[in-house]
Amino acid sequence: MAKHETPLLDQLETGPWPSFVTDIKREAESRATNEKGVDYQIPQDACEDLLGVLELSFKHGRTHWKHGGIVGVFGYGGGVIGRYCDQPEMFPGVAHFHTMRVSQPAGKFYTTKYLESICDLWERRGSGITNMHGSTGDIIFLGTTTPQLEEVFYELTHNLNQDLGGSGSNLRTPSDCIGAARCEYACYDTQAICHDLTVEYQDELHRPAFPYKFKFKFDGCPNCCVASIARSDLSFIGLWRDEIRIDEEAVKAYVGGELKPNAGAHAGRDWGAFDIQKEVIGLCPTQCMRYEGDKLEINNKECTHCMHCINVMPRALRIGNDRGCAILAGAKAPILDGAQMGTLIVPFIKAEPPYTDIKEKVIEPIWDWWMEEGKNRERLGELMKRQGMQKLLEMTGLDPDPRMIQEPRTNPYIFWKEDEVEGGFKRDINEFRKYHKR
Amino acid sequence: MEYDEAKEKIKVELTKKLKTKSKFYFNDLAKILGMKPREAKKLINQMVLDGVLEYWSSGSTSMYGMPGTGKQSSAEHED
Ligand code: SF4
Ligand code: SF4
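Predicted model only: the values in this text are computed from it and were never measured.

**Overview of the overall build of chain B**
- Secondary structure summary: chain B contains four helices and two strands in total.
- In chain B, the succession of α and β elements from N to C terminus is α-α-α-β-β-α.
- For chain B, buried positions account for 53% of its 79 residues.
- Looking at chain B alone, contacts between residues at least 24 apart form 44% of all its contacts between residues at least 6 apart.
- Here chain B has roughly 4100 Å² of accessible surface; of this, 53% comes from carbon and sulfur atoms.

**Quick word on the environment of Lys41 of chain B**
Residues and elements named next belong to chain B.
- You can see Lys41 is positioned in helix α3 (residues 37-49).
- Note on Lys41: relative accessible area 8%, which makes it buried.
- With 28 residues separating them in the primary sequence, Lys41 and Thr69 have C-alpha atoms 22 Å apart.

**As for the interface of chain A and chain B**
- Facing 33 residues of chain A, the contacting portion of chain B comprises 24 residues.
- In total, about 2500 Å² of surface goes out of reach between chain A and chain B, with carbon and sulfur atoms giving 49% of it.
- Inspection of the chain A/chain B interface yields three salt bridges.
- The partner of Asp368 of chain A in a salt bridge is Arg38 of chain B, with the nearest N and O atoms 3.5 Å apart.
- For the side of chain A that touches chain B, the secondary structure elements donating two or more residues are β1 (80-81), α7 (202-206) and α12 (356-373) of chain A.
- The element best represented in the side of chain A that touches chain B is α12 of chain A, accounting for five residues.

**Let's talk about the sheet that holds strand β12 (residues 323-329) of chain A**
All names here are of chain A.
- Within the open sheet, the five strands sit side by side as β5-β6-β7-β12-β13. Their pairing is mixed. Lying at the two open borders of the sheet, with one neighbouring strand each, are β5 (175-176) and β13 (343-349).
- Bridge count between β12 and β13: four bridges; the pairing is antiparallel. Across the sheet, the residue bridging to Cys325 is Ile349, located in β13.

**As for the site of ligand 1**
- Surveying the vicinity of ligand 1 reveals the residues Cys177, Ile178, Gly179, Cys183, Tyr185, Ala186, Asp219, Gly220, Cys221, Asn223, Cys224 and Cys225 of chain A.
- By residue class, the composition of the shell around ligand 1 is eight nonpolar, three polar and one charged.

**Points about the site of ligand 2**
All names here are of chain A.
- In the vicinity of ligand 2, the contacting residues are Cys284, Pro285, Thr286, Cys288, Met289, Ile298, Cys303, Thr304, His305, Cys306, Met307 and Cys309.
- The cavity that encloses ligand 2 is the largest cavity.
- For the shell around ligand 2, the class distribution of residues is nine nonpolar, three polar and no charged.

**Focus on the pattern of salt bridges**
All names here are of chain A.
- With the rule as written, the count across this model stands at 29 salt bridges over all chains.
- A salt bridge links Glu200 to Lys359, with the shortest nitrogen-to-oxygen separation between them at 3.0 Å. Taken together, the positions of Glu200 in helix α6 (residues 190-200) and Lys359 in helix α12 put the pair 159 residues apart, joining distant regions of the chain.
- Taking the relative accessible area as the measure of exposure, Glu200 reaches 42% and is therefore partly exposed.
- Take Lys359: its relative accessible area is 8%, and that puts it in the buried class.
- A salt bridge links Glu418 to Lys426, with the nearest nitrogen and oxygen atoms 3.9 Å apart.
- Residue class for Glu418 comes out partly exposed when judged on its relative accessible area of 36%.
- Connected through salt bridges with shared partners, the residues Arg124, Arg125, Glu151 and Glu155 form a single ionic network.

**Digging into the domain arrangement of chain A**
All names here are of chain A.
- Once the domains are mapped, chain A shows domain 1 (7-159), domain 2 (175-241 + 323-418) and domain 3 (245-318).
- Using C-alpha coordinates to define each centre, domain 1 is positioned 33 Å away from domain 2.
- On the domain 2 side, the residues contacting the ten residues of domain 1 number 14 residues.
- Carbon and sulfur atoms make up 51% of the area that domain 1 and domain 2 hide from each other, which totals about 950 Å².
- On the surface where domain 1 and domain 2 come into contact, there are six residue pairs in polar contact (both at pLDDT 80 or more).
- Within the side of domain 1 that touches domain 2, the residues separate by chemical class into three nonpolar, seven polar and no charged.

Rules behind the numbers
- Residues numbered from 1 in each chain as written.
- Chains lettered and ligands numbered in written order.
- Predicted model: local features only at pLDDT ≥ 70, side-chain atom pairs only at ≥ 80, totals over all residues.
- Heavy atoms only, no water.
- Helix = DSSP H or I, 4+ residues; strand = E, 2+ residues; numbered from the N terminus.
- Buried < 20%, exposed > 50% of the residue type's maximum accessible area, 1.4 Å probe, protein only.
- Contact = heavy atoms within 4.5 Å.
- Areas by Shrake-Rupley, 256 points an atom, 1.4 Å probe, with all protein chains shown as cover.
- Buried area = accessible area lost by both parts, 1.4 Å probe.
- Salt bridge = Lys/Arg side-chain N within 4 Å of Asp/Glu carboxyl O.
- Pairing = 2+ DSSP bridges.
- Near = heavy atom within 4 Å.
- Nonpolar A, V, L, I, M, F, W, Y, C, P; charged D, E, K, R; others polar.
- 1 Å grid on protein atoms, 1.4 Å probe; cavity = no way out; pocket = protein on both sides within 12 Å on 5 of 7 lines; lining within 4 Å.
- Sits in = over half its atoms within 2 Å of the grid points.
- Domains from an automatic or database assignment.
- Polar contact = N/O pair within 3.5 Å; in protein donor to acceptor, adjacent residues only side chain to side chain.

What follows is the structure, encoded as structure tokens:
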């Protein structure tokens, strides 16, 4: 018998999708029966009370969680988010219900044993409820009491070789696509750089000194499986700068129907015979492909690396051999100014260890600028808008490049300064009048 | 700036402001010290380790205050 009546939450379970309400009820049930004989360190009925307070919030149309707090583990300014219930008498099991962020391994590779260990830890010292994964990528532990924070941290670091992630005005846990481990589209080793920068910037991750949050995300190719272009302050997107490799025999096999387009991903319905003109050539955004007389040609200079043709015919087309990444800055989800996509700041850079150029010529100058000029709670993208792209280029010493703008004259944010122009901006009026009447 | 001098400065300035606020952004502290953020960070980290300052976090934003001064209610704009 449930501790609290939850008619509104029950209704949420009736939809066709998996329901978090069902999940929480299952955990509540498992804690109540405790078949595994767990030595619970926080109230056994925490999940019951969680359902209760949520039901009340739906009823009142307002939250019963207080905002933030002074909790954390010693020496870390991030990784723990304080949550207190404002109806602790009614719901003592969730009077404290702090969140812990656990830094996910690069590419989110786990062994079963590891997953079991962190789940066991969290059942014993927390609510048992996790969110795999939060939008930054961390493993989220939902709900524990203040005295348990150091205990969880101790066990994570000492027994599981596992650190907390970032929260608050910190570098957030860097995240990456599965990349070269399993994906042939990867143009650089996303896991290697993700891990390297995580280790290099430990201080930025754990000790908040930024105006606001800062995210790195690494996509191995422009398919952007971690959507770095839309949701990271610095987005690294794999690219090649030579040519797409073409296997003409395989192209013919796609045209002839022996190979299924998109590796058979659209097999759920009959879309008719594959039409290379319509489905590949005609959809190339820069119209840089041609298929004539059984031969596929690509004008690689015009290719914008959109990945479409490669996605459709992965056996026939492969990424080039001269690989690296592009870096974009300033993406964010809506906070002050609304959603914003990243702006290209480095068209191509090699992404090989020890990543010195990326660190010293891109990341650190950007941080210096943003830490000094950024207003409180201003993301990098907002600072770029406020002070201008040109300022960013000045601060980083990056050269302006036509690839940074979408098309001429629509976003001309690069202006000449007087000292960059031969003879400056002053003109000799007499000389001018020789050619132009008043 | 020497650590002890910085510590005193922070204590004095934060105590002065206590009537109106108990939580400060990192940049407010750097300004009190008159230092660039990156340099101020080392001193401020040390103050946290020494218990002169403590972190407060909303989850999205971090702030600093003197231990025991910040009331949770101030986060809810009650005072
Ligand atoms: S972003 Fe590209 S390289 Fe990374 S997993 Fe996705 S398709 Fe593969
Ligand atoms: S990757 Fe995109 S832009 Fe480049 S050739 Fe293929 S379809 Fe065209």
